[in-house]
Amino acid sequence: MEKKKRIVIALGGNALGNTLPEQMAAVKITSKAIVDLIEEGCEVVVAHGNGPQVGMINNAMSALCREDPNQPNTPLSVCVAMSQAYIGYDLQNALREELVNRNMRNIPVTTMITQIRVDENDPAFSNPSKPIGHFMTEEQAKEASEKYGYLMKEDAGRGYRRMVASPKPQEIIEIEAIRSLVDSGQLVIACGGGGIPVTLNGNHLKGASAVIDKDFASELLAEELNADLLIILTAVEKIALNYGRPDEIWLNDITAKEARQYINEGHFAPGSMLPKVEAALKFAESRKGRTALITLLEKAKEGILGSTGTHIQQ
């Protein structure tokens, strides 16, 4: 029997929506695309972002603190954990329903609450760059800074927001459990929101005030599971050189060497396409025969068949 192609698919915000009603609608569409890949004979593992969701949870927890002075502040790592369960709940149910609708009843769906170890000495902790939570006035920002030790920065005249670090993932704590579930034939949702960031103090895992980029977390997951393909979903069908300019060039199949050259030439925007290409490149270079694909959710099936998307390999 031919071995199934193992795929890790990294879902972005457009696959999950921004509000509870949007998410419930979006995951139904997302689940159809994922089950399409399973029907093509692929073994799929799902990772996802949590940008809007963790911000919403953080805002709700902050509002609770303001209403009740006795309520302790909720750590960001706990907000990430909440988002994993909240998104996993909707995504897991939508995937199960889509599988049953297609009479594929022998594939259990599981959400794994996932911790990811980061290095407490990661330079990102010295330069927090990710804005989260709601906008505040200068007075509110000063109070948050004094009360909770938050780093607050003014954001383009719209108010002040909390800035947090985005360290690189070093180790997936639950990887053996995830691997066992995947090897047993389950459809696993893991590393949600980039994983719950933790640091290791002796034998104790301590939550870190940070968010991990979901594309780098997905890349590490793909390596650890010995995946054949990493699919990073985004808002465009392919990546481009000179994006948005008259001399725009869409990329189909490129080598890892070419991808590195384009990164060095500054073709990809930081905080947008750059981390996706960097994560794709890292996976493609990790072992010969591995491929990374960047494309739209609705084009994922065509992408694995080679008819669209940007493919990166050695």
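Details of the structure are given in the entry above.
The rules behind the values
- Residues numbered from 1 in each chain as written.
- Predicted model: local features only at pLDDT ≥ 70, side-chain atom pairs only at ≥ 80, totals over all residues.
- Heavy atoms only, no water.
- Helix = DSSP H or I, 4+ residues; strand = E, 2+ residues; numbered from the N terminus.
- Buried < 20%, exposed > 50% of the residue type's maximum accessible area, 1.4 Å probe, protein only.
- Core = buried A, V, L, I, M, F, W, Y, C linked by side-chain atoms within 4.5 Å.
- Salt bridge = Lys/Arg side-chain N within 4 Å of Asp/Glu carboxyl O.
- Pairing = 2+ DSSP bridges.
- Axes fitted to C-alpha atoms, helices over the stretch in contact; angles between N-to-C directions.
- Contact = heavy atoms within 4.5 Å.
- Phe/Tyr/Trp six-rings, centres within 6.5 Å; stacked < 30°, edge-to-face > 60°.
- Lys NZ or Arg CZ within 6 Å of the ring centre and 35° of its normal.

## Side note on unusual backbone geometry
The phi angle at cysteine 191 is positive, at roughly 55°, despite the residue not being glycine. Considering the arrangement of structural elements, one finds cysteine 191 in the loop between strand E9 (187–189) and strand E10 (196–201). Judged by its relative accessible area of 1%, cysteine 191 is buried. Even without being a glycine, asparagine 242 presents a positive backbone phi close to 55°. Relative to the assigned elements, asparagine 242 resides in the loop between strand E13 (240–241) and strand E14 (249–250).

## Quick notes on the nonpolar core
Grouped together as the largest cluster of nonpolar side chains are 47 residues, with contacts concentrated most on Val8, Ile172, Ile178, Leu221, Leu225, Ile239 and Phe268. Counting 43 residues, the second-largest nonpolar core is a separate cluster that includes Ile9, Leu16, Cys79 and Ile231.

## Re the pattern of salt bridges
According to the stated counting rule, one finds 17 salt bridges in the structure shown. Note that lysine 32 and glutamate 98 form a salt bridge whose closest N and O atoms lie 3.3 Å from each other. Placement of the pair is lysine 32 in helix H1 (residues 20–39) and glutamate 98 in helix H3 (residues 76–101), with a sequence separation of 66 residues. Residue classification places lysine 32 among the partly exposed residues on the basis of a relative accessible area of 42%. Judged by its relative accessible area of 8%, glutamate 98 falls in the buried class. Put simply, lysine 276 and aspartate 215 hold a salt bridge, and the shortest N to O gap is 3.3 Å. A residue pair is termed long-range when its members are at least 10 positions apart, and lysine 276 in helix H8 (residues 274–286) and aspartate 215 in helix H6 (residues 214–224) qualify at 61 residues. Just as lysine 276 is buried, aspartate 215 falls in that class too.

## Section: the sheet that holds strand E1 (residues 5–11)
The mixed open sheet is built from 8 strands, whose spatial order is E3-E9-E2-E1-E12-E16-E17-E15. The sheet terminates laterally at strand E3 (109–111) and strand E15 (253–255), the two strands that pair on one side only. Recorded for the sheet is a direction-independent mean angle of 20° between the axes of neighbouring strands. In this structure, E1 lies alongside strand E2 (residues 42–48), joined through 7 bridges in parallel fashion. Bridge pairing in E2 links isoleucine 9 to valine 46. With respect to the sheet, H3 is in contact with E1, E2, E3 and E9, its orientation differing from that of E3 by roughly 175°.

## Looking at the side chain of glutamine 53
Turning to its location among the elements, glutamine 53 is positioned in helix H2 (residues 51–67). Its relative accessible area of 2% is what places glutamine 53 among the buried residues. Not counting residues up to four positions away in its chain, the partners in contact with glutamine 53 are Leu16, Gly17, Gln23, Ser83, Tyr86 and Ile87.

## Quick look at the packing of aromatic side chains
Given two aromatic rings, one states the distance between the centres and the angle between the planes to describe the pair. Summed over all chains, the structure comprises 1 aromatic pair. Seen in terms of ring centroids, tyrosine 243 and tryptophan 250 are 6.1 Å apart; in terms of plane orientation they differ by 80°. Their pairing is edge-to-face. Residue tyrosine 243 is classed as exposed on the basis of its relative accessible area, which comes to 54%. Stacked on the ring of phenylalanine 216, the Lys or Arg lysine 168 has its end atom at 4.7 Å from the ring centre.

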